[in-house]
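Close look at the chain arrangement
Residue-level listing of the chains:
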Amino acid sequence: MGMSVSQYVNDYRVKEACRLLAGTDEPITRIMFDAGFQTKSNINREFLRVTGTSPKAWRARTSSANVTSDSVVRLAG
């Protein structure tokens, strides 16, 4: 697939986080754990790598533009 196992797993976690950010009002910290991330720094780093933005900014953009997790595109590699 052109990526490491770690990148593949984190891409899946970011997609799940995007789905939860778009579909719930849960705090980002809760979503972080629900998506499988263990630390804020890890979700922020991986979210930026995959989406080009932070979880908070992504949620704000999706709420104003009606964007769904299906629109998440792998930007790196």
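So, a few notes on the structure that sits alongside this text. (Residues numbered from 1 in each chain as written. Predicted model: local features only at pLDDT ≥ 70, side-chain atom pairs only at ≥ 80, totals over all residues. Heavy atoms only, no water.)

1. Notes on the nonpolar core
Quick note on the threshold: In plain words, nonpolar cores are sets of buried Ala, Val, Leu, Ile, Met, Phe, Trp, Tyr and Cys residues tied together by side-chain atoms within 4.5 Å. Burial classification: accessible surface area is computed with a 1.4 Å probe over protein chains only, and a residue below 20% of its type maximum counts as buried, one above 50% as exposed, and the rest as partly exposed. By definition, any uninterrupted DSSP run of H or I lasting at least four residues is a helix, any uninterrupted run of E lasting at least two residues is a strand, and each is numbered from the N terminus. Whether two residues touch is decided by their heavy atoms; if any such pair falls within 4.5 Å, the residues are in contact.
Counting 13 residues, the largest nonpolar core has Val 14, Ala 17, Phe 37, Ile 43 and Phe 47 as its most contacted members. Of all the secondary-structure elements, those providing two or more residues to this core are helix H1 (5-23), helix H2 (28-34) and helix H3 (40-51). Considering every element that reaches this core, the biggest residue donor is H1, with 5 residues. Among residues more than four places away in sequence, those in contact with Phe 47 are Val 14, Ala 17, Cys 18, Leu 21, Gly 52, Thr 53, Ser 54, Pro 55 and Trp 58.

2. Thoughts on the environment of Asp 25
Mapped onto the secondary structure, Asp 25 falls in the loop between H1 and H2. As a C-alpha pair, Asp 25 and Arg 59 span 34 residues in sequence and 9.6 Å in three-dimensional space.

3. Re a nonpolar patch on the surface
What counts is decided by this rule: Exposure above 30% relative accessible area and the lack of any salt bridge qualify a residue for a patch; like charges then connect within 9 Å, and the nonpolar side chains Val, Leu, Ile, Met, Phe, Trp and Tyr within 5 Å. All accessible areas in this document rest on Shrake-Rupley with a 1.4 Å probe, and a residue is counted as covered only by the protein chains that are shown. Within this document, salt bridges are pairs made up of a side-chain nitrogen of Lys or Arg and a carboxyl oxygen of Asp or Glu, the two lying within 4 Å of each other.
A contiguous nonpolar surface patch, about 290 Å² in accessible area, is contributed by Val 5, Tyr 8 and Val 9. The topology assignment puts Val 5 in helix H1. Given the relative accessible area of 67%, Val 5 is considered exposed.

4. Some thoughts on H1
It helps to recall that an α-helix has 3.6 residues per turn; residues three or four apart then point in one direction. This is how the line gets drawn: Multiply 1.5 Å by the residue count of a helix minus one, and that product is the helix's expected span.
Helix length check: H1 (19 residues) gives 27 Å between terminal C-alpha atoms against 27 Å at 1.5 Å per residue, within 8%. Every buried residue of H1 is listed here: Asn 10, Asp 11, Val 14, Ala 17, Cys 18, Leu 20 and Leu 21.

So far we have only geometry, and geometry alone does not tell us how the molecule works.
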